[in-house]
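# Observations on the three-dimensional arrangement
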Amino acid sequence: MASTTPERAMDKRRRRRTTTEIKESLRALSIQLSLLNHQIGAHLDLKDVDFYCLDLINRFGPLSPSTLARRAGLHPATMTGILDRLQRGGWITRERDPDGVDRRAVAVRALRDRNAELFQLYSGMNASMDDIFTGYDDAQLDLLADFLHRATEAGQSATDELTQG
């Protein structure tokens, strides 16, 4: 039996409200995670941009400074200062890039011995997330993982467009 026009209109409004609520929740989450990262960075005496670059190095490194600058959307000259601060703080090392065609090529690598500090500072959030996950079955978790992956890709695409444009 086909839905009547008023029912379809209600369904559309409900869907629009729900998608708006999801977008607003993602904005709120983004703000909250930024605040958490800012506090963790402050505990570690890292500027926000330094902390974000360190996260990129941890996730995708080793990276060349130019690749890191591109991923972070920063000017290479700005990246030099960030890498200097991270190296002085004992967070990263710069090594010759064995795959580089230029003998001067450098790869930036995170020093893993400082990860325990990071894990400790994130332990409260990680424990809270683990508690939240218990309320979802495997199929729901798969759906959430897929949504977050796709939303992250959309964010990356939007960032790339702004960076290139």
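Going by the structure above, here's the rest.
Note that the coordinates shown come from a computational prediction; the quantities given were computed from them, not determined experimentally. (Residues numbered from 1 in each chain as written. Predicted model: local features only at pLDDT ≥ 70, side-chain atom pairs only at ≥ 80, totals over all residues. Heavy atoms only, no water.)

### Some points on the pattern of salt bridges
The full count for this structure, using the stated rule, is seven salt bridges. Its salt-bridge partner being Asp-11, residue Arg-14 comes within 3.0 Å of it at the nearest N-O pair. Within this pair, Arg-14 and its partner Asp-11 are both found in helix 1 (residues 5–43), separated by three residues, close to a single helical turn. Here Glu-95 makes a salt bridge to Arg-109, at a shortest N to O gap of 2.7 Å. Here the residue Glu-95 occupies a position in strand 1 (residues 92–96), and Arg-109 occupies one in strand 2 (residues 106–110), the gap between them amounting to 14 residues. Residue classification places Arg-109 among the partly exposed residues on the basis of a relative accessible area of 32%. (Salt bridge = Lys/Arg side-chain N within 4 Å of Asp/Glu carboxyl O. Helix = DSSP H or I, 4+ residues; strand = E, 2+ residues; numbered from the N terminus. Buried < 20%, exposed > 50% of the residue type's maximum accessible area, 1.4 Å probe, protein only.)

### Some points on the nonpolar core
Counting 20 residues, the largest nonpolar core has Ile-57, Leu-68, Leu-86, Trp-91 and Ile-92 as the members making the most contacts within it. Of all the elements in the fold, those that place two or more residues in this core are helix 2 (48–60), helix 3 (65–72), helix 4 (76–88) and strand 2. (Core = buried A, V, L, I, M, F, W, Y, C linked by side-chain atoms within 4.5 Å.)

### Notes on the environment of Asp-130
Along the chain, Asp-130 turns up in helix 5 (residues 115–133). Taking C-alpha positions, Asp-130 is 18 Å from His-149, a pair spaced 19 residues apart along the chain.

### Details of a nonpolar patch on the surface
Where nonpolar side chains cluster on the molecular surface, the patch consists of Ile-22, Leu-26, Leu-29, Leu-33, Phe-147 and Leu-148 and spans about 460 Å² of accessible area. Of all the elements in the fold, those that place two or more residues in the nonpolar patch are helix 1 and helix 6 (138–164). For Leu-26, the position within the fold is in helix 1. Classification of Leu-26 as partly exposed rests on a relative accessible area of 30%. (Patch = residues over 30% accessible without salt bridge, like charges linked within 9 Å, V, L, I, M, F, W, Y side chains within 5 Å. Areas by Shrake-Rupley, 256 points an atom, 1.4 Å probe, with all protein chains shown as cover.)

### Notes on the packing of helix 2 against helix 4
Helix 4 packs onto helix 2 with a crossing angle of 80° between their chain directions and a minimal axis gap of 10 Å. Comparing their axes, helix 4 and helix 2 come out roughly perpendicular. Residues Val-49, Asp-50, Cys-53, Leu-54 and Ile-57 of helix 2 touch helix 4, and the partners they reach there are Met-79, Ile-82, Leu-83, Arg-85 and Leu-86. Residue composition of the contact of helix 2 with helix 4, by class: eight nonpolar, no polar and two charged. (Axes fitted to C-alpha atoms, helices over the stretch in contact; angles between N-to-C directions. Parallel < 35°, antiparallel > 145°, perpendicular 65-115°, else oblique. Contact = heavy atoms within 4.5 Å. Nonpolar A, V, L, I, M, F, W, Y, C, P; charged D, E, K, R; others polar.)

### Overview of helix 2
Taking 1.5 Å per residue, 13 residues should reach 18 Å; helix 2 reaches 18 Å between its end C-alpha atoms and fits that length. For helix 2, the set of buried residues is Asp-50, Phe-51, Cys-53, Leu-54, Leu-56, Ile-57 and Asn-58. The inward-facing, buried residues of helix 2 contact helix 1, helix 3, helix 4, strand 1, strand 2 and helix 5. (Expected span 1.5 Å × (residues − 1).)

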